[in-house]
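# Survey of secondary and tertiary structure
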Amino acid sequence: MASVTQTHASRRMLAALAIILAFLTLLGVNLFASQELPLTRLDLTEDKLYTISDSTRAEMGALKEPITVRLYFSKRLGEIAPTFQAYFDRVRALLDHYARLSNGRIIVQTIDPEPFTDAEDEAVAAGLQGVPLGSNDQLGYFGLVATNMTDDREIIPFFAFDRETFLEYDLTRLIHKLSVVKRPKIGLITTVPMLGSMNPMTGQQQPAWRVVDQIKDFFDVATIETSATAIPADVDMLMLVQPAGLAPELLSAVDQFALTGKPVLAFVDPVVEVMGPTGSQFGPDDGFLSLLKHWGVSFDPAQVAGDADHARQVQYGTPSRPSVADYLVWLDMTPETFDGTDPVFAGIKSITFATAGILQPEAKAGPRAEPLIQTSTNAMAFPIAVVRTPDPSQLLRDFAPGNLALPLMMRVQGTAQTAYPDGIPKGANGEAAEGSSQDLSSGDAGAAKPEQTELKSGSVNAIVIADVDMLYDSFWADVRDLLGTQFLVPLAGNANMVLNALESLSGGSALADLRGRGVQDRPFSLVQAIRREAEARFRSRAEALNQNLQQVEARISNLQKGAGEGNVILSEEDRQALAQSRAEMISLRQQLRDVQRALREDIDQLDLGLKLLNIALVPALIALAGAIVYWVRRRRRIAWRKAASLRREAAA
């Protein structure tokens, strides 16, 4: 008995000693990690949001001159809102990491801009945004000012939580802008007011599309007017966005530019929806379509692409009777529709299209045109007339998939023949513009112009996209406001894909693997498939009921109208007809509700199953593990008691 008591005491002592050793080990590991492994992180996020990207490492390693980063953070702000303190700690740790990767060329300074100090004045003068600290008039700051050796300056007015997932991209882009001495120059030719315009209804200036600001972070952008007769000589690449009404000389200059092998990114669209009722004025230009055909891509301006597997769900109808359905010509394209081997899709998870056209390789042309994005085979080409008066339900009724994927974006490479084999076409004055294709611009008419032989053929390097609306803000981003400062939260990878395409064409890849990070797009594919199947089963029944209901409502309205005029006294037959119609209307509404309830039934069952799984799975696993441990320990205890009993019997 005494032996058993001593054994129990030893086991308790060993257990206590094990707990103390475990605590000391944990403490030691933490101290070692904080001192010796400051750059080591365990990142379990899907997008590796907390892992330094290769692009950032390359940018920091390539720095030639020092960049000073002044991080302003009010200590009082962190005391009031600990979440800001945690966010500041992350920013500071990331900047320290940048400093190490740059071998000290990133110089980080942390400043607490206390109220009524020179530091606060500097923060305000730099353009940082302050937030109120409690009920007094004092402001707190959490922003950044970075400068290079030539006093160029970039700022982040305030670190908004909505852009926390884009933190590394924002900081690396800022460093990139300060470190690049000369950026490639893009010549932009467009008839769409993407650079801003005056609203004729309000007289107010409309801002430029946000994608232009994104492009200007990495490229110099020069606008080339459609009336120009030449492309500026310092333009490194062309971006053509629904060009129309170009002077013949400019069309020839674009053709010659492409034949030299210089990069061209072209957008063409059967209808530019974002222009509203005036969209029909922005149709594709025949001269531009002819150029595309010579480069190896044909485009039919009379068709738009519809895809049932990637259609975006929209709400339509009247406010009193709204309906929700898939709009087959607004598409959310996902990676399985991309050419994943092409660098333009680095980090891209989704791209949104709106009434996109359809591209096809031109068999007679020399260059090779390969699809970069194409629809699923559950798609069809709709005539352009169907989007003049959008009706999602009519598109669903007319939908007849052709089991053929429709290309929406193509890369073109190879030798092409000039679209103007007879030389530069004559302009409006009936004479060809001398040296128009190589001159700087129409404004340099008096400058000396070297002679240049017109190319009859050459190597084309272009990407063609059959949509312009995808560049518009509302189709890829949400513009939010923080204390009067607007900032952008991307919802799709449209702008990032455009930047990747420009860099891919020009031979660069700055930040390519970093741009797509943080864009949240995780569609519930199973839920979407169930919803589409349910809608397909109940759509025709619901539409028939709706039509019957409208007819009954019209009949009741006519009967009531006759009674309301006072000239007609409802006969007994009319009263019975009115009562019968009302009963029929009630019955139809009930049937319609039953159909709508059935439409939701499958999704609700799936939703309930997912909730039960989320709630019960972890506790069930823990209970199972506990039961296994209990069973194993019980077996060991029984075996130990049997062994002890046998030893006592042997001793006796």
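Residues numbered from 1 in each chain as written. Predicted model: local features only at pLDDT ≥ 70, side-chain atom pairs only at ≥ 80, totals over all residues. Heavy atoms only, no water.

## Notes on the overall build of the chain
We count it as follows: The helix and strand labels rest on DSSP assignments: H or I over at least four residues marks a helix, E over at least two residues marks a strand, and numbering proceeds from the N terminus. Relative accessibility under 20% of the residue-type maximum defines a buried residue, over 50% an exposed one, and the middle range a partly exposed one, all with a 1.4 Å probe and only protein chains included. Note on contacts: a residue pair is in contact if any heavy atoms of the two residues lie within 4.5 Å.
A tally of helices and strands in the chain yields 13 helices and 23 strands. Counting over 652 residues, the chain shows a buried share of 41%. At a minimum sequence separation of 6, the contacts of the chain that also span at least 24 residues come to 75%.

## Some details on the sheet that holds strand 11 (residues 263-267)
What counts is decided by this rule: For two strands to be treated as a pair, DSSP must find at least two bridges joining them. In this description, a line fitted to the C-alpha atoms serves as the axis of each element, helices being fitted only across the stretch in contact, and the angle between N-to-C directions of two axes falls anywhere from 0 to 180 degrees.
Here we have seven strands laid out as an open sheet, ordered 9-6-10-11-21-20-18, and mixed in their pairing. Looking along the sheet, the strands with just one partner apiece sit at the ends: strand 9 (220-223) and strand 18 (368-374). If you compare each strand with its neighbour and ignore which way they point, the axes differ by 20° on average. In the sheet, strand 6 (residues 185-190) pairs with strand 10 (residues 237-241) via five bridges, with the strands oriented parallel. Across the sheet, isoleucine 189 pairs through a bridge with leucine 240, a residue of strand 10.

## Side note on the pattern of salt bridges
Convention followed: Whenever a carboxyl oxygen of Asp or Glu lies within 4 Å of a side-chain nitrogen of Lys or Arg, that contact is scored as a salt bridge.
Applying the stated criterion across every chain yields a total of 16 salt bridges. Residue arginine 368 pairs with glutamate 370 through a salt bridge whose shortest N-O separation is 3.5 Å. A relative accessible area of 39% places glutamate 370 in the partly exposed class. The network of salt bridges with common partners includes Glu154, Arg163, Asp170, Arg173, Lys177 and Asp217.

## What to know about helix 8 (residues 248-259)
Put simply, the rule reads: Expected span of a helix, by definition, is 1.5 Å for each gap between consecutive residues, and there is one gap fewer than residues.
Between the first and last C-alpha of helix 8 there are 17 Å, a value that for twelve residues agrees with the 16 Å anticipated at 1.5 Å per step. Burial within helix 8 is extensive, with eleven of its twelve residues counted as buried. On its buried face, helix 8 is in contact with strand 6, strand 10, strand 11, helix 9 (286-295), strand 20 (407-417) and strand 21 (457-465). Remark: glycine 261 follows helix 8 within two positions and exhibits a positive phi of approximately 90°.

## Considering a positive patch on the surface
We count it as follows: Like charges are joined within 9 Å and nonpolar side chains (Val, Leu, Ile, Met, Phe, Trp, Tyr) within 5 Å, but only among residues with over 30% relative accessible area and no salt bridge; these make up the patches. Here the open area of atoms and residues is found with the Shrake-Rupley method and a 1.4 Å probe, where only the protein chains shown may cover a residue. When charges are tallied, Lys and Arg are placed among the positive residues and Asp and Glu among the negative ones, while His and the ends of the chain are skipped. Note on charges: their place is set at NZ of Lys, CZ of Arg, CG of Asp or CD of Glu.
Taken together, the side chains of Arg11, Arg633, Arg634, Arg636, Arg637 and Arg641 define a basic patch exposed on the protein surface. Within the secondary structure, arginine 633 is located in helix 13 (residues 572-651).

## Concerning helix 6 (residues 167-179)
Between its first and last C-alpha, helix 6 extends 18 Å over 13 residues, near the 18 Å set by a 1.5 Å rise per residue. Along helix 6, eleven of the 13 residues are buried, which leaves the element largely enclosed by surrounding structure. The set of residues buried in helix 6 consists of Leu167, Glu168, Tyr169, Asp170, Leu171, Thr172, Arg173, Leu174, Ile175, His176 and Leu178.

## Considerations on unusual backbone geometry
Glycine aside, a negative phi is what most residues show, and trans is what most peptide bonds show. Its identity as a non-glycine residue notwithstanding, aspartate 151 has a phi of 65°, on the positive side. The topology assignment puts aspartate 151 in the loop between strand 4 (139-147) and strand 5 (153-156). By relative accessible area, which is 65% here, aspartate 151 ends up exposed. A positive phi is found at asparagine 403, a non-glycine position, where the angle reads about 55°. Along the chain, the position of asparagine 403 falls in the loop between helix 10 (392-398) and strand 20.

## Here we look at the nonpolar core
Looking at soluble globular proteins, one finds that nonpolar side chains tend to be buried together. Definition in use: Joining through side-chain atoms within 4.5 Å is the link that ties buried Ala, Val, Leu, Ile, Met, Phe, Trp, Tyr and Cys residues into a set, and such a set is a nonpolar core.
Membership of the largest hydrophobic core comes to 52 residues, with the highest contact counts inside it found for Phe267 and Phe353. With seven residues, the top contributor of residues to this core is helix 11 (residues 494-506). One finds Leu259, Phe288, Val297 and Ala419 within the second-largest nonpolar core, a separate group that totals 36 residues.

## What about the packing of aromatic side chains?
Filter applied, for reference: Only rings of Phe, Tyr and Trp enter the pairing, Trp through its six-membered ring, and a pair is recorded when the two centres are within 6.5 Å. The plane angle decides the type: under 30 degrees is stacked, over 60 is edge-to-face, the rest tilted.
Under the definition given, this model contains 16 aromatic pairs. With centroids separated by 4.8 Å and ring planes inclined at 40°, the aromatic side chains of phenylalanine 142 and phenylalanine 159 adopt a geometry described as tilted. On the criterion of sequence distance, the pair formed by phenylalanine 142 in strand 4 and phenylalanine 159 in the loop between strand 5 and helix 6 is long-range, its members being 17 residues apart. Relative accessible area serves as the criterion here: at 3%, phenylalanine 159 is assigned to the buried category. With a centroid separation of 5.3 Å and 70° between ring planes, the pair formed by tyrosine 327 and tryptophan 330 is classed as edge-to-face. Take tryptophan 330: its relative accessible area is 22%, and that puts it in the partly exposed class.

## So, the packing of helix 4 (residues 82-101) against helix 6
For clarity, the threshold we go by: Relative orientations are named as follows: roughly parallel for angles under 35 degrees, roughly antiparallel for angles over 145 degrees, roughly perpendicular for angles from 65 to 115 degrees, and oblique for any other angle. Take the far helix as the reference: if the near one is turned anticlockwise from it by less than a right angle, the crossing is left-handed, and if turned clockwise, right-handed. Residue classes follow a fixed rule: Ala, Val, Leu, Ile, Met, Phe, Trp, Tyr, Cys and Pro count as nonpolar, while Asp, Glu, Lys and Arg count as charged, and any other residue, Gly among them, counts as polar.
For the pair helix 4 and helix 6, interaxial distance at closest approach is 11 Å and the crossing angle is 45°. As the angle between them shows, helix 4 and helix 6 are arranged oblique. Handedness of the crossing formed by helix 4 with helix 6: right-handed. On helix 6, the residues touching Tyr87, Arg90, Val91, Leu94, Leu95 and Tyr98 of helix 4 are Leu167, Glu168, Leu171 and Thr172. Among the residues making up the contact of helix 4 with helix 6, the classes are represented as seven nonpolar, one polar and two charged.

## What to know about the side chain of histidine 176
Rules: Any pair of nitrogen or oxygen atoms within 3.5 Å is treated as a polar contact; in protein, a donor-acceptor pairing is required on top of that, and neighbouring residues in sequence qualify only through side-chain atoms on both sides.
Structurally, the position occupied by histidine 176 is in helix 6. Residue classification places histidine 176 among the buried residues on the basis of a relative accessible area of 9%. Here glutamate 59 takes part through its side chain, which lies 3.0 Å from a polar atom of the side chain of histidine 176.

## With respect to a nonpolar patch on the surface
There is a patch of nonpolar side chains on the surface, built from Leu14, Leu17, Ile20, Leu21, Phe23, Leu24, Leu27 and Leu31 and spanning about 810 Å² of accessible area. Here leucine 27 is to be found in helix 1 (residues 2-36). Residue leucine 27 is classed as partly exposed on the basis of its relative accessible area of 43%.

## Notes on the packing of helix 8 against helix 9
Two numbers describe a pair of packed helices, the interaxial angle and the distance between the axes. Put simply, helix 8 and helix 9 touch, their axes get as near as 11 Å, and they point 20° apart. Classified by the angle their axes make, helix 8 and helix 9 are roughly parallel. With respect to the hand of their crossing, helix 8 and helix 9 are arranged in right-handed fashion. Counted together, Leu251, Val254, Asp255 and Ala258 of helix 8 and Gly287, Phe288, Leu291 and Trp295 of helix 9 form the full contact between these two elements. The residue inventory of the contact of helix 8 with helix 9, partitioned by class, reads six nonpolar, one polar and one charged.

## Section: the confidence of the model for the chain
Stated formally: Residue-level confidence of the predictor is summarised by pLDDT, bounded by 0 at the bottom and 100 at the top.
Scored by pLDDT, the chain comes out at a mean of 82, with 83% of its residues at no less than 70. Scored below 50 in pLDDT, residues 432-450 shows 38 contacts in the model against residues more than four places distant or in partner chains.

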